[in-house]
2 protein chains.
Amino acid sequence: MTERLVVVGGDAAGMSAASQAKRLAPDLEIIAFERGDYVSYSACGEPYVMGGEVAEVDDLVARTPAEFAARDISVHLRSEVMEIDLDRRTILVDSAGDRSEIGFDYLMYSTGARPLRPPSVAGAEKALGLRWLNDADHLRELVDRGTRKAVVVGGGYIGLEVAEAFAHRGRNVTLVTSGEHVLTRTLDPDMGSLADAAVRRLGIELVTGVYIDTIEEHEAHGGGHDFLGDVVVIGLGTSPESELARQAGIETGVTGAVAVNSFQETNQPGVWSGGDCAEATHRVSGRQVNMALGTVANKTGRVAGTNIGNTAVGDSERETFPGVLGTAITKVGEVEIARTGLLTGESVIYGYEPAVGTVTGTNTAGYWPTATRVDVRLIADHISRRVLGGQIVGGPGSGKKIDVIATAIWAQMSIDELAWVDLAYAPPFSSVWDLIHIAARRAAGRQLS
Amino acid sequence: MTERLVVVGGDAAGMSAASQAKRLAPDLEIIAFERGDYVSYSACGEPYVMGGEVAEVDDLVARTPAEFAARDISVHLRSEVMEIDLDRRTILVDSAGDRSEIGFDYLMYSTGARPLRPPSVAGAEKALGLRWLNDADHLRELVDRGTRKAVVVGGGYIGLEVAEAFAHRGRNVTLVTSGEHVLTRTLDPDMGSLADAAVRRLGIELVTGVYIDTIEEHEAHGGGHDFLGDVVVIGLGTSPESELARQAGIETGVTGAVAVNSFQETNQPGVWSGGDCAEATHRVSGRQVNMALGTVANKTGRVAGTNIGNTAVGDSERETFPGVLGTAITKVGEVEIARTGLLTGESVIYGYEPAVGTVTGTNTAGYWPTATRVDVRLIADHISRRVLGGQIVGGPGSGKKIDVIATAIWAQMSIDELAWVDLAYAPPFSSVWDLIHIAARRAAGRQLS
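Residues numbered from 1 in each chain as written. Chains lettered and ligands numbered in written order. Predicted model: local features only at pLDDT ≥ 70, side-chain atom pairs only at ≥ 80, totals over all residues. Heavy atoms only, no water.

All names here are of chain A. Overall, the coordinates contain 0 disulfides over all chains when judged by the stated rule. Cys-277 carries a free sulfur, and the closest cysteine sulfur to it, the one in Cys-44, is 16 Å from it. On the basis of relative accessible area, Cys-277 is assigned to the buried category, the value being 0%. (Disulfide = S-S within 2.5 Å. Buried < 20%, exposed > 50% of the residue type's maximum accessible area, 1.4 Å probe, protein only.)

So this is what it looks like as C-alpha cells:
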C-alpha cells in the first residue's frame, strides 16, 4: 500500500523535505498544502523586488507547482490546514471555503513564521508588512503609484531592507527603532553605530530609542513623536507559526517554536518539522533557538526529508542536523553587515569570559584604488580559547568573510589557531595579514582585568 | 653589552622579523641590509603599478628606511651581503663598492627569491622580468613610451598578471606557456581551462603547450613558433636565494631553500630564516615546500622575530609557525582564481584517495542582476574523510571563499561536516546552499570505483 506524506506549508523547509523524501522514496505519495499563492520562493529576495533590483516576484520562485507535479509531488495553493488530528492521522484543509479531510502516514510541519505584531502596539495587526511575495508586489505598487514618504518601524534586517528599498526608489524614508542602534540583535552596540552611519548615508532619516506604540494607516506614534507618511510598514521580527501544532499535541519549546530532535522529528512519531516554525540547537550556547533564516529552513527541511524518505523505505539510517551558529549577512547600500555565533553580551550571559579583538582596516590592500573601510570583531572565551562569535561591517567583499569565522567556530578552533590560518592574499582582495588574523591576535592577547 | 641582530634582505620576512624583535627586545641593536632600492614593499602589487591601477611604486612601500630609523632599526639600501662567516660571527657587506665587515649575535637570513631563468632557455638571463619595484617602473615606462606588442613567457601568476597589465593598457599581448593550460600548478586541468577562457576574454592571445627555448630582446622562439614583440617579459616562477646561506654552512633542504625548524631557526644556532628563501611545512602533505607568497613571508618573519626577541631578553618561550596550505588568489579581469591545499593529482601523489566534488553556480542568488558564473571544486580523502584541497574560478566575490576551505582544512574538518557549516546567505551574496556546501556534498557522496 502506498504511504502518504502530507506537507503543511510549502516554502523552503516543506518543499526541501518533499523533494528529498521523493528522491529517497520514489513510491511515497506526497501532497503539500500552502495557504499562500506561491511555494518554494525566496522570501529573502522580497525587499529587492520592492527596490527594483529584481524585476518581478516570479524571479524569486525556485520551483512552480507544475515543476513539482513533474516530480510527482502534488502542491495545493491557497489551501490552509485548519486542524491536525494525530489519533486519526488526518488533517482538515480549507481551500477557498471547501473543507476536506486528508489522511497521512507522515507529516512535515513547516508553517514558517509570521511578522511579529506586538499587542503593545495599537494597530500593529493592520499595518503593512513584508511576508508574502504579494506583499513585495503591493509595496512596489505603492511606490510606483506615487508614495513620497514612508515610515518604517523596526531596525532589524527586514526594517533596514525595506527602508533601503524605498530610498533606492528615491522616496523619503524615516526608520524608527526602539533600539539604541539598528540591528541590536545582530551587532554589539559600537558595531551597530557603524550600521547606523551606513543607513544615514543612504539619506534615510534614522530615529533610534523610540518605541512606537500606535500605528495608523499614515502615521506612527510613540515616545511623544509623530511620524507621518503615505505608508507605514512594520518590520519587528517574526514569530513562529506553531499554534496549529500545539493544538494538535505537538510539543513546542521554550522559544514557542516546535521542538524537534536532531533528526527533525517532533515528540509525535511520524511528525517532522523544520524551518522558521521549529527550534534548532545553537552550537555555541547549547540552547534551543528559533531563527527565521533561509539557510536553516533549507537544511532542516532536507534533513527531515532524508529521514522521512529513509523511514518510508525501511532504511534505519538517519541524518542529523548539526545545529546553527546564527550566521547572517545583509547590506545597507554598499556596506556589508554580517555576524555569526554569540555577541559579546550573549557570551557573558552564557557563562563565557569574552576576550574581544577588533580591527579597523580595508577590504583590499590599503593602496588599492577601491579600498574601503572594514571593521572586524572576534569574540573568544578567555578560558577555553574557543572562538565564540564574530561581526563584520565593511565595504564590498568583506561580509562573506564571516564564513571563515563561522567555520572556525564550527570546528571549535581556538582563537590562537585562527590567528595563523593560511588565508588567501592578493592586493585586490585583502591586506597581507587578513583582518581576521589581526582581530584574532588582538582577542588572543587580551588580558582580562 | 648590547647584542646585535643583522638582517640579510629587507623585504617582508626580514623587516617583519626586525620589527617584531625590536618590539620584544627594545635594547637589541638591529641593522638590515638590502641590496635593492626599497625595503618592506608589496611585491604582489607590482603588476598593478605596471597596469596603472596603482599610481606609483612608492604606494607599495609599507615603511621607508626613515620610518624604521624612527623605531631604532637601521636600514642600509643598495648594500649586498657577500659573505657570512659563522665562526667569526661576521658578514661582509658591499655598498657601492665599499666593503665592510659587520659583527652579529643573531642573524635573520631573508634574501627572498629570484625569478627563475632556466639554463635550458637561451637568453633567459637577459630577459625582462618583474622582481624589484624598479622593474615595475621600467615596464610601465616601456608601455608609456609606445610598446604596442608584448610577448609574455610563462603561465603562472606573474605571467598572467603582467599579460593582463599590458592588455589593461590597451597593448597587444601574446602569452606563451608550456603547460596545457595556464596556472597548471594552481588548478586541476579542467579548472585551468576556465582560467584560459578568462585570459582570452581579455583579448590576450594565449598559446599553450609551447616550450620557449630562446629569448631575444624582441623575440621568443620555441616548438617551431616565433613570437615577435616590442618587448619580451619572462615569468617562469621563482627560485629561492639560498646560495649565500649554503656557502656559509647553513643547511638547505630538498627544495633548495633554507631548512628551518618550526621556530624558523636554521641548523646554525642564532641564525634564523623565513620568507621566499626558506622552506615551510605543508600541513596536508606533511612535506617541506618552498612557497614564494607574501602571506608566508610575513608570518614566518614575525615568528622568527618573536623568537629572536625572546632569545635576546632571555625569555625561553618560543613561537611556532604552524605551516602552510599554499592558499593563493589572483584575478584575470573580473574572474577570480583561488586555490588551497592539494590539487587532485597531488593528493594521489601523497597517498590519498581523492573524492572530488565540483559545482557550477553563481556568485549571488541566481536571480540577482549581477549573478555571474562560479566553479568550486573540493577534494577530500575518501578514507579519512579529511578535506584536502579546494579550487575556485568565478565572478566577483567568489575567490575569497577559498578561505572557508582553507579554514576547514586547517581544522582537519571532514568533508561531511563541511557540507553543513552555517555559512551566511542573502541574495546579493550567495545561493541559499553555498556552493561550498554543494561541492562538499558531492565530494562526500562520491563512490570510488
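After presenting the structure, the write-up continues.
On to the sheet that holds strand β12 (residues 214–215) of chain A. Residue and element names in this part refer to chain A. Taking strand neighbours across the sheet as the criterion, the 3 strands line up as β12-β13-β14 in an open arrangement whose pairing is antiparallel. Whereas interior strands pair on both sides, the edge strands pair on one side only; in this sheet they are β12 and β14 (225–228). The sheet contact formed by β12 and strand β13 (residues 219–222) spans 2 bridges and is antiparallel. Paired with Thr-214 across the bridge in β13 is His-221. (Pairing = 2+ DSSP bridges. Helix = DSSP H or I, 4+ residues; strand = E, 2+ residues; numbered from the N terminus.)

Counting across every chain of the model gives 4 aromatic pairs over all chains. With 4.7 Å between their ring centres and 85° between their planes, Trp-368 of chain A and Tyr-48 of chain B make a pair best called edge-to-face. With one member in each of two chains, Trp-368 of chain A in the loop between β22 (354–362) and β23 (373–381) and Tyr-48 of chain B in helix α2 (residues 46–51) form a pair that bridges those chains. Residue Trp-368 of chain A is classed as buried on the basis of its relative accessible area, which comes to 9%. Exposure remark for Tyr-48 of chain B: the relative accessible area of 5% places this residue in the buried category. Ring geometry for Trp-420 of chain A and Trp-433 of chain A: centres 5.7 Å apart, planes at 75°, overall edge-to-face. Here Trp-433 of chain A lies in the loop between α11 (415–418) and α12 (435–445) and Trp-420 of chain A lies in the loop between α11 and α12, a separation of 13 residues in the sequence. Neither residue differs from the other here; Trp-420 of chain A and Trp-433 of chain A are each classed as buried. Here Arg-283 of chain B stacks its cationic end above the ring of Trp-410 of chain B, 3.7 Å away from the centre of that ring. Across from the ring centre of Trp-433 of chain B, 4.5 Å away, lies the NZ or CZ of Arg-441 of chain B, which sits over that ring. (Phe/Tyr/Trp six-rings, centres within 6.5 Å; stacked < 30°, edge-to-face > 60°. Lys NZ or Arg CZ within 6 Å of the ring centre and 35° of its normal.)

On to the sheet that holds strand β2 (residues 29–33) of chain B. All names here are of chain B. The 5 strands are arranged β3-β2-β1-β7-β17 in an open sheet whose pairing can be described as parallel. Since the sheet does not close on itself, it has two edges, and those belong to β3 (73–76) and β17 (271–273), each with one partner. Averaged over all neighbouring strand pairs, the angle between strand axes comes to 20°, with direction disregarded. The sheet contact formed by β2 and β3 spans 4 bridges and is parallel. Bridging across to β3, Ala-32 finds its partner in Val-75. The sheet contacts of helix α1 (residues 12–24) involve β1 (4–8), β2, β3 and β7 (106–109), and relative to β3 the element is tilted by about 160°. (Axes fitted to C-alpha atoms, helices over the stretch in contact; angles between N-to-C directions. Contact = heavy atoms within 4.5 Å.)

Right, let's talk about the confidence of the model for chain A for a bit. Averaged over all residues, the pLDDT of chain A is 95; the fraction at 70 or higher stands at 99%. Model confidence for the complex: the whole-complex pTM is 0.97, and ipTM, which rates the interface, is 0.97. (pLDDT = per-residue confidence, 0-100.)

Our next topic: helix α6 (residues 189–201) of chain A. Residue and element names in this part refer to chain A. Between its first and last C-alpha, α6 extends 19 Å over 13 residues, near the 18 Å set by a 1.5 Å rise per residue. For α6, the complete set of buried residues consists of Met-191, Gly-192, Leu-194, Ala-195, Asp-196, Ala-198 and Val-199. Following α6 by one or two positions, Gly-203 has its phi on the positive side, about 85°. (Expected span 1.5 Å × (residues − 1).)

Contacts between the two partners involve 57 residues from chain B and, on the opposite side, 57 residues from chain A. Regarding the contact of chain B and chain A, the summed buried area is about 5100 Å², with carbon and sulfur atoms giving 70% of it. On the chain B side of the interface with chain A, the three residues burying the most area are Trp-420, Asp-422 and Phe-429 of chain B, jointly 17% of the side's total. Counting every contact that joins chain B to chain A gives 18 residue pairs in polar contact (both at pLDDT 80 or more). (Buried area = accessible area lost by both parts, 1.4 Å probe. Polar contact = N/O pair within 3.5 Å; in protein donor to acceptor, adjacent residues only side chain to side chain.)

For the pair helix α10 (residues 402–410) of chain A and helix α10 (residues 402–410) of chain B, interaxial distance at closest approach is 8 Å and the crossing angle is 15°. Between α10 of chain A and α10 of chain B, the angle is such that the two are roughly parallel. For the crossing formed where α10 of chain A meets α10 of chain B, the hand is right-handed. Contact residues: α10 of chain A offers Asp-403, Val-404, Thr-407 and Ala-408 of chain A, while α10 of chain B offers Asp-403, Val-404, Thr-407 and Ala-408 of chain B. (Parallel < 35°, antiparallel > 145°, perpendicular 65-115°, else oblique. Left-handed = near helix turned anticlockwise from the far one by under 90°.)

The next subject is the pairing of strand β5 (residues 90–95) of chain B. Residues and elements named next belong to chain B. Among the 6 residues that make up β5, 5 are buried, leaving the element largely enclosed by the rest of the structure. Relative to β5, strand β4 (residues 79–85) runs antiparallel, the two being bridged by 6 bridges. By the bridge assignment for β5, Glu-80 is matched with Asp-94. Pairing of β5 with strand β6 (residues 98–103), which is carried by 6 bridges, proceeds in the antiparallel orientation. Within β6, the position partnered with Thr-90 by the bridge is Gly-103. Linking β5 back to β6 in an antiparallel pair, the connection comprises 2 residues, with Ala-96 at a positive phi of about 50°.

Turning next to the nonpolar core. One broad trend across soluble globular proteins is that nonpolar side chains are buried collectively. One finds Leu-378 and Leu-418 of chain A together with Leu-378 and Leu-418 of chain B to be the most contacted residues of the largest nonpolar core, which totals 98 residues. Judged by nonpolar contacts, the second largest core, of 43 residues, contains Met-50, Val-152, Ile-204 and Val-335 of chain A. (Core = buried A, V, L, I, M, F, W, Y, C linked by side-chain atoms within 4.5 Å.)

Before going further, it helps to spend a moment on the domain arrangement of chain A. All names here are of chain A. Looking at chain A, the domain boundaries give domain 1 (4–44 + 56–114 + 238–312), domain 2 (124–234) and domain 3 (328–445). Distance from the C-alpha centre of domain 2 to the C-alpha centre of domain 3: 29 Å. Contact with domain 2, which involves 18 residues of that partner, is made by 20 residues of domain 3. One can count 2 salt bridges joining domain 2 with domain 3. Along the contact surface separating domain 2 from domain 3 lie 7 residue pairs in polar contact (both at pLDDT 80 or more). Among the secondary structure elements, those contributing two or more residues to the side of domain 2 that touches domain 3 are α5 (157–168) and α6. Looking at the side of domain 2 that touches domain 3 element by element, the count peaks at 7 residues for α6. Among the residues making up the side of domain 2 that touches domain 3, the classes are represented as 10 nonpolar, 2 polar and 6 charged. (Domains from an automatic or database assignment. Salt bridge = Lys/Arg side-chain N within 4 Å of Asp/Glu carboxyl O. Nonpolar A, V, L, I, M, F, W, Y, C, P; charged D, E, K, R; others polar.)

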